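Now for the letters of each chain:
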Amino acid sequence: MMRGKNFYIIFLVIVVTIVGLLFGMKNKASEEELKVRAFFPNAKKVRLVKNIADDMFISINFPGVKRAYEVDGDLKVFVSSCVGYNGPVDVLVAIDSSTDELLGIEILDHEESLDYAEHIESNWFLDRFKNIVANKYLNLVVLEKEKPEDIIQVTGATVSSQAVVNAVNAAIGAYQYLMKSLKMEGVADVVPQEMWEKDSNSFAINWEGGLIRINTEKIKEYEQVEIDVILINTTGTETPLSVKGPTLRDILEGEGIDLSDYEGIGVTGRDGYYTLIDKEKLEANDVILAWEVNGKPIKEDEKPVRVILPNELGPYWVKMVTNIDLYDKISPKDIDKVHIFEPLVEDIEPYYYEYYGSKDKSYELGRILSKFDEVDEKGFFTMVSVDGYVKNETISMVRQRYFIKVEGDNAPMNIAPTLKLGMNVKHMTHFSTTKDAVIFPDKMSQVVRTKDIGGKEGLLLEDVLLTAGMRWSEETRFALADRNGGEKEISYEEMLNSYMVYDENIISIYQGDRELMKDIIRVEKR
């Protein structure tokens, strides 16, 4: 009797499990159908086509296409997939068969990491796939849409963006074949590895006359540091971490190299992100090359190691390190000109850069640098924010595809295709090369001494010049240049008692309550 009762219980459990699975599958299918009807609210009949991939041409050329939906008798919706960083990105693609235009897409599921892919589900990215004629494949572009089929990628998430584009292209190819009898080229269901790059199992340390390459197993053979740290992003978010790995100093000592002999290091990630760590920061911190975080090996999309700089902000904590360059010489700063940003760029056409869904007025940095008399390629480009955060880049890194955003949230701010949101220098007071500095007076006013001059805010000129990096002696004289080509020279003592007044984009220099010069564009050291 007991055996019969046990059999009955087991049978009941199996039946309940099967019913639950079937109910879950039906419920999921119902949810997907609702998403289809959201694109076609007036549809009378929606029918799932499960065997769409049974067609030989579809299965060979568009392996990402999983299923489709007929809407009032026409194939109008496809569900397709493409593998990105961590796994497949499943996309629902709706096409208006009367116009052959994309009505839009929806991300059904993905396994991409939050840091790189959270924005592929944002409306501002999804909206880029609307009202495009579905007779050509979409093309992922970095900055600017030049053709109707161009899709601007999510900044810092190239692979995830490409996975979405591939999934949509597979749907377009299947639609054209099934509805128009047109055979388009095949579309891969995985983003090519060369796109998301190269060797995730090793990184190189380079110096003048040599290099070493270290893989994910060899890194464990060095003396290990285990330490609790706090990652502070520029947004203010704090994340406690326990990290493990060797220090860069110890690794180099094993090669007979003293890190103290170098002026700084440049760290580059596989995604193109770069940061400079100068000598002062190297002396104040151990650069830890972490291969373990919170007791577990770092994630696949962060390998081979992650740079940890315990007392510095998140932008120095580079992931997926591919190169560490040792700099034995960095040209020192010797700022002899301090420019005002707005008159400096008035003859440069602004570019309206779309960055994380916001399209704001920006200026290409390479065009700004071309206005300087001298740009030392062995020097560094420095940016400073109102909160004191300082970031250095190589000149070669910032010459191309690097912009200064001057409108919108957090402006002035540096933006670039490889620069993820949160890794920027926000509310910038100034930036500089080795010889030239450029200031934003409204932000500079937050970090220098000020006083009221005739109801307007005056910035102490001495503080402005010092903050921008200019240095001098008591014999130094200073030239004030205005927008009309005029020039006025002042002494060191006069400079100490001068104020910069910012009023409706016009900068004037005052001594006491007396206006010394109006509409200046720069201050030069003589």
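The rules behind these values
- Residues numbered from 1 in each chain as written.
- Predicted model: local features only at pLDDT ≥ 70, side-chain atom pairs only at ≥ 80, totals over all residues.
- Heavy atoms only, no water.
- Helix = DSSP H or I, 4+ residues; strand = E, 2+ residues; numbered from the N terminus.
- Buried < 20%, exposed > 50% of the residue type's maximum accessible area, 1.4 Å probe, protein only.
- Areas by Shrake-Rupley, 256 points an atom, 1.4 Å probe, with all protein chains shown as cover.
- Pairing = 2+ DSSP bridges.
- Axes fitted to C-alpha atoms, helices over the stretch in contact; angles between N-to-C directions.
- Contact = heavy atoms within 4.5 Å.
- Salt bridge = Lys/Arg side-chain N within 4 Å of Asp/Glu carboxyl O.
- Phe/Tyr/Trp six-rings, centres within 6.5 Å; stacked < 30°, edge-to-face > 60°.
- Expected span 1.5 Å × (residues − 1).
- Polar contact = N/O pair within 3.5 Å; in protein donor to acceptor, adjacent residues only side chain to side chain.
- Core = buried A, V, L, I, M, F, W, Y, C linked by side-chain atoms within 4.5 Å.

> Lay out the overall build of the chain with the relevant residues and their values.
Scanning the chain from terminus to terminus reveals 14 helices and 35 strands. Each of the three principal axes of the chain carries a C-alpha extent, and together these read 105 × 60 × 45 Å. For the chain, the residues scored as buried account for 52% of the 526 residues in total. As presented, the chain carries roughly 24900 Å² of accessible surface, and 48% of it is formed by carbon and sulfur atoms.

> Mind laying out the sheet that holds strand E33 (residues 506-511), listing which residues take part and the relevant values?
Strand order across the open sheet formed by 5 strands is E28-E29-E32-E33-E34, with antiparallel pairing between neighbours. Where the open sheet ends on each side, the last strands, each with one partner, are strand E28 (450-453) and strand E34 (514-517). For this sheet, the mean inter-axis angle between neighbouring strands, taken without regard to orientation, is 45 degrees. Bridge analysis of strand E29 (residues 456-460) against strand E32 (residues 498-503) gives 3 bridges, and the strand direction is antiparallel. Within E32, the residue paired with Leu 460 across the bridge is Tyr 499.

> So what about the side chain of Ser 362? Which residues, and what values?
The topology assignment puts Ser 362 in strand E21 (residues 358-364). For Ser 362, a relative accessible area of 0% translates into the label buried. Leaving out residues up to four positions away in the same chain, Ser 362 has contacts with Pro 350, Tyr 351, Tyr 353, Phe 403, Ile 404, Lys 405 and Ile 415.

> Describe in detail the pattern of salt bridges, supporting the description with residues and values.
According to the stated counting rule, one finds 29 salt bridges in the structure shown. Asp 127 is paired through a salt bridge with Lys 130; the nearest N and O atoms lie 3.1 Å apart. Taking relative accessible area as the criterion, Asp 127 reaches 39% and is therefore assigned partly exposed. Notably, a salt bridge pairs Arg 449 with Asp 463, separated by 2.8 Å at the nearest N-O pair.

> Hey, could you go over the packing of aromatic side chains for me, with residue numbers and the actual values?
Under the definition given, this model contains 17 aromatic pairs. On the basis of an interplanar angle of 70 degrees and a centroid distance of 5.8 Å, the ring pair of Phe 57 and Phe 62 is categorised as edge-to-face. You'll find Phe 57 and Phe 62 in the same group, each marked buried. Aromatic rings pair up to connect Trp 124, Tyr 351, Tyr 353, Tyr 355, Tyr 356 and Phe 403 into one cluster.

> Outline the pairing of strand E31 (residues 487-490), supporting the account with residue identities and numerical values.
In this structure, strand E30 (residues 478-482) lies alongside E31, joined through 4 bridges in antiparallel fashion. When the bridges of E31 are listed, Ala 481 appears paired with Glu 487.

> Quick rundown of the sheet that holds strand E27 (residues 436-439)? Include the residues and the values.
Taken together, the 8 strands give an open sheet; going across it, the order is E23-E22-E26-E27-E19-E35-E30-E31, and neighbouring strands pair in mixed fashion. Strands with a single pairing partner mark the edges of an open sheet, and in this sheet they are strand E23 (390-394) and E31. Between one strand and the next, the sheet's axes are offset by a mean angle of 20 degrees, whatever the strand orientation.

> Outline helix H5 (residues 158-180), supporting the account with residue identities and numerical values.
Three or four residues apart is the spacing at which side chains of an α-helix point the same way, because the helix has 3.6 residues per turn. If you check H5, its first and last C-alpha atoms are 31 Å apart, about what 23 residues at 1.5 Å a residue would give, namely 33 Å. Burial within H5 is extensive, with 19 of its 23 residues counted as buried. Just past H5, the residue Ser 181 takes up positive phi, approximately 60 degrees.

> Let's hear about the side chain of Glu 524: which residues, and what values?
Relative to the elements of secondary structure, Glu 524 occurs in strand E35 (residues 520-525). You can call Glu 524 buried: its relative accessible area is 11%. Among the polar contacts made by the side chain of Glu 524, one reaches the side chain of Arg 522 at a distance of 2.6 Å. In this structure, Glu 524 is in contact with Asp 336, Lys 337, Arg 477, Phe 478 and Ala 479, ignoring residues within four places of it in sequence.

> Residues and numbers for the environment of Ala 290, please.
When you line up the elements, Ala 290 lands in strand E14 (residues 288-290). Spatially, the C-alpha atoms of Ala 290 and Lys 378 are 29 Å apart, while their sequence positions differ by 88 residues.

> Describe unusual backbone geometry, listing the residues and the values that go with them.
A cis geometry characterises the amide bond from Lys 303 onward to Pro 304, with omega recorded as 10 degrees. Along the polypeptide, Pro 304 turns up in the loop between strand E16 (296-297) and strand E17 (306-308). Along the chain, Ala 411 connects to Pro 412 via a cis peptide bond; the corresponding omega equals -5 degrees. Among the secondary structure elements, Pro 412 is positioned in the loop between strand E24 (403-405) and strand E25 (413-415). The backbone of Asp 519 sits at a positive phi, close to 60 degrees, despite the residue not being glycine. By the element assignment, Asp 519 lies in the loop between E34 and E35. The class for Asp 519 is buried, based on a relative accessible area of 15%.

> Summarise the nonpolar core; cite the residues concerned and give the values.
Among the nonpolar cores identified, the biggest contains 115 residues, and Ile 205 and Phe 431 are the most heavily contacted of them. Apart from residues no more than four positions distant in its own chain, Phe 431 is found in contact with Phe 341, Leu 365, Ile 368, Phe 381, Thr 382, Met 383, Ile 404, Asp 436, Ala 437, Val 438 and Phe 440. With 25 residues, the next largest nonpolar core counts Met 470, Tyr 492, Ile 507 and Met 517 among its residues.

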